[in-house]
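What follows is each chain in one-letter form.
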Amino acid sequence: MPRSAFLPGLMWPFDMDAGQSCAVSKAEDPAAWQGYADANVPIVTQWDDGKHRGKEPGEESTSSASMPGVVFRMLRDLDVQPGAKALEIGTGTGWNAALLAHRLGAGNVVTVEVDDGIAAAARAALERFGLPVRVVHADGFLGYPQGAPYDRIIATCGLRAVPFAWVRQCRPGGVVVAPWGTHYSNGDAVARLVVARDGASASGAFTGPVEFMKLRAQRRPPVVHAEYVTGSVAEGDESATAVTEAEFVGERFSPGRFAVGLRVRDCRHTVAGKRDGARPVWFYGPADRSWACVMFRDGDTARVWQSGPRRLWDEAETAYRWWDAHGHPGFTRFGLTVDKDGQRAWLDDPQDAWPL
């Protein structure tokens, strides 16, 4: 199942060396196009929900072909077996649906895509490849009840809440695999949820870090800093913290960041670039416009400013201390449970869960 059979003539692979997306045209440079198609890199195939025109990258990437290593890891987690019936949320190029159809047969795969143009292109690519998978143009948030029940459901878009509709459309003992995270950051993890015997819930551990474009129904607009900090940061209440930059910031896919996001509800944070030995980290509370800033500076104690009804840095530091006290647990020790009342996170034991 070559990924190249499902990619458009103009695409924007992520150049690992340059650290940015670059335009590659099959007509102009077929060798480079094929090289990226075969490489283990993510490839943007749409910008700005289809409003973008031209070769230069747009403002926001809104559809892509995920890097093969991630695709295969998630399919491993899904563990599809011949004879099973699968629902995919987020068709994209159609390549993932083709991989499923190769294992299960085209008649056992349904894939849902919210963007009409992307759905049409994927449907055409699948038919050219001899795999007439049912491609449905609809909002995947609702699943696809007409084809239920399914043995497996997989999402190829990032979620902030797993819809209970997916649990209801999956057989007892079935598996739901989805990239999941909080609004705290873009660093997600793959949730592998097994549906309970009574079909009333699904629960399971995370399998590892990942980052995906968000389900359109669960996107949030970008934070506008000026709507929170209307004057000088010095107008906030000032304090200090003994937590260091190395401890709190960590790497991009640090399990510590993920853990803090699980413990601090309704908070978004931004790690700014480092300049002259100083790095500010910002926290924003969308519900009440609370904000906090911690300024990490090389060789000095970090200073903190906070404003609003919530003390967001205090909450974040408490969450970090909790993660530290539990021995720096990695992604696979955390888990998620979903039922009709919402979702809960847990560490090691699903019976000791907290609401999100």
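What comes next concerns the included structure. This one's a predicted model, so the numbers in the text were calculated from it and none came from an experiment.

Quick notes on the overall build of the protein
Link 1 in the chain: Secondary structure assignment for the protein yields eight helices and 20 strands.
Link 2 in the chain: Here the C-alpha atoms of the protein give a radius of gyration of 22 Å, agreeing with the 21 Å that 2.2 N^0.38 yields for 356 residues.
Link 3 in the chain: When its C-alpha atoms are laid out on the principal axes, the protein stretches across 65 × 55 × 30 Å.
Link 4 in the chain: Relative to its 356 residues, the protein shows a buried fraction of 49%.
Link 5 in the chain: Across the protein, the fraction of contacts at a sequence separation of at least 24, relative to all contacts at a separation of at least 6, is 57%.
Link 6 in the chain: Of the roughly 16,200 Å² of accessible surface on the protein, a fraction of 50% belongs to carbon and sulfur atoms.
Link 7 in the chain: The protein carries 39 positive and 43 negative side-chain charges, and their two centres are separated by 5 Å.

Notes on the pattern of salt bridges
Link 1 in the chain: Summed over the entire model, instances satisfying the criterion amount to 21 salt bridges.
Link 2 in the chain: Here R76 and D77 are joined by a salt bridge, their closest N and O atoms 3.3 Å apart.
Link 3 in the chain: Judged by relative accessible area, which is 53%, R76 ranks as exposed.
Link 4 in the chain: Between D151 and R171 there is a salt bridge; the shortest N-O distance is 3.1 Å. Of this pair, D151 sits in strand β9 (residues 150-155) while R171 sits in strand β10 (residues 170-180); the two residues are 20 residues apart in sequence, bridging distant segments of the chain.

A short note on the packing of aromatic side chains
Link 1 in the chain: Summed over all chains, the structure comprises 19 aromatic pairs.
Link 2 in the chain: For the pair W180 and F258, a centre-to-centre distance of 6.4 Å together with 80 degrees between the ring planes defines the contact as edge-to-face. On the criterion of sequence distance, the pair formed by W180 in strand β10 and F258 in helix α7 (residues 255-263) is long-range, its members being 78 residues apart. In this pair, the class of W180 matches that of F258, namely buried.
Link 3 in the chain: Between Y320 and W323 the ring centres are 5.9 Å apart and the planes differ by 50 degrees, which places this aromatic pair in the tilted class. Taken together, the positions of Y320 and W323, both in helix α8 (residues 312-325) and three residues apart, correspond to about one turn of that helix.

A word on unusual backbone geometry
Link 1 in the chain: A cis amide bond, omega 5 degrees, links A148 with the succeeding residue P149.
Link 2 in the chain: By the element assignment, P149 lies in the loop between β8 (134-137) and β9.
Link 3 in the chain: At D276, a residue that is not glycine, the phi angle is positive and equals roughly 50 degrees.
Link 4 in the chain: Topologically, D276 is positioned in the loop between β14 (268-271) and β15 (278-285).

Notes on the side chain of T337
Link 1 in the chain: As for its position among the elements, T337 is in strand β18 (residues 334-339).
Link 2 in the chain: Take T337: its relative accessible area is 8%, and that puts it in the buried class.
Link 3 in the chain: Not counting residues within four places of it along the chain, the set of residues in contact with T337 comprises A202, S203, G342, Q343, R344, W346 and P350.

Points about the sheet that holds β14
One key point about sheets: their strands pair by backbone hydrogen bonds, in either a parallel or an antiparallel sense.
Link 1 in the chain: The five strands are arranged β13-β17-β16-β15-β14 in an open sheet whose pairing can be described as antiparallel. Since the sheet does not close on itself, it has two edges, and those belong to β13 (237-241) and β14, each with one partner. The average undirected angle you get between the axes of adjacent strands in this sheet is 20 degrees.
Link 2 in the chain: Of the strand pairs in this sheet, β14 and β15 are connected by four bridges, and their pairing is antiparallel. Directly across from H269, in β15, lies its bridge partner F283.
Link 3 in the chain: Across the sheet, α8 touches β13, β15, β16 (290-297) and β17 (302-307), and the angle it forms with β16 is around 60 degrees.

Some points on the packing of α7 against α8
Link 1 in the chain: At a minimum axis distance of 9 Å, the contact between α7 and α8 shows a crossing angle of 125 degrees. With respect to their mutual orientation, α7 and α8 come out oblique. Handedness of the α7/α8 crossing: right-handed. Only A316, A319, Y320, W322 and W323 of α8 make contact with α7, whose side of the interface consists of P255, G256, A259, V260 and R263.
Link 2 in the chain: Classifying every residue of the contact of α7 with α8 by side-chain character gives eight nonpolar, one polar and one charged.

Analysis parameters
- Residues numbered from 1 in each chain as written.
- Predicted model: local features only at pLDDT ≥ 70, side-chain atom pairs only at ≥ 80, totals over all residues.
- Heavy atoms only, no water.
- Helix = DSSP H or I, 4+ residues; strand = E, 2+ residues; numbered from the N terminus.
- Rg over C-alpha atoms; globule rule 2.2 N^0.38 Å.
- Buried < 20%, exposed > 50% of the residue type's maximum accessible area, 1.4 Å probe, protein only.
- Contact = heavy atoms within 4.5 Å.
- Areas by Shrake-Rupley, 256 points an atom, 1.4 Å probe, with all protein chains shown as cover.
- Lys, Arg positive; Asp, Glu negative; His and termini not counted.
- Charge placed at Lys NZ, Arg CZ, Asp CG, Glu CD.
- Salt bridge = Lys/Arg side-chain N within 4 Å of Asp/Glu carboxyl O.
- Phe/Tyr/Trp six-rings, centres within 6.5 Å; stacked < 30°, edge-to-face > 60°.
- Pairing = 2+ DSSP bridges.
- Axes fitted to C-alpha atoms, helices over the stretch in contact; angles between N-to-C directions.
- Parallel < 35°, antiparallel > 145°, perpendicular 65-115°, else oblique.
- Left-handed = near helix turned anticlockwise from the far one by under 90°.
- Nonpolar A, V, L, I, M, F, W, Y, C, P; charged D, E, K, R; others polar.

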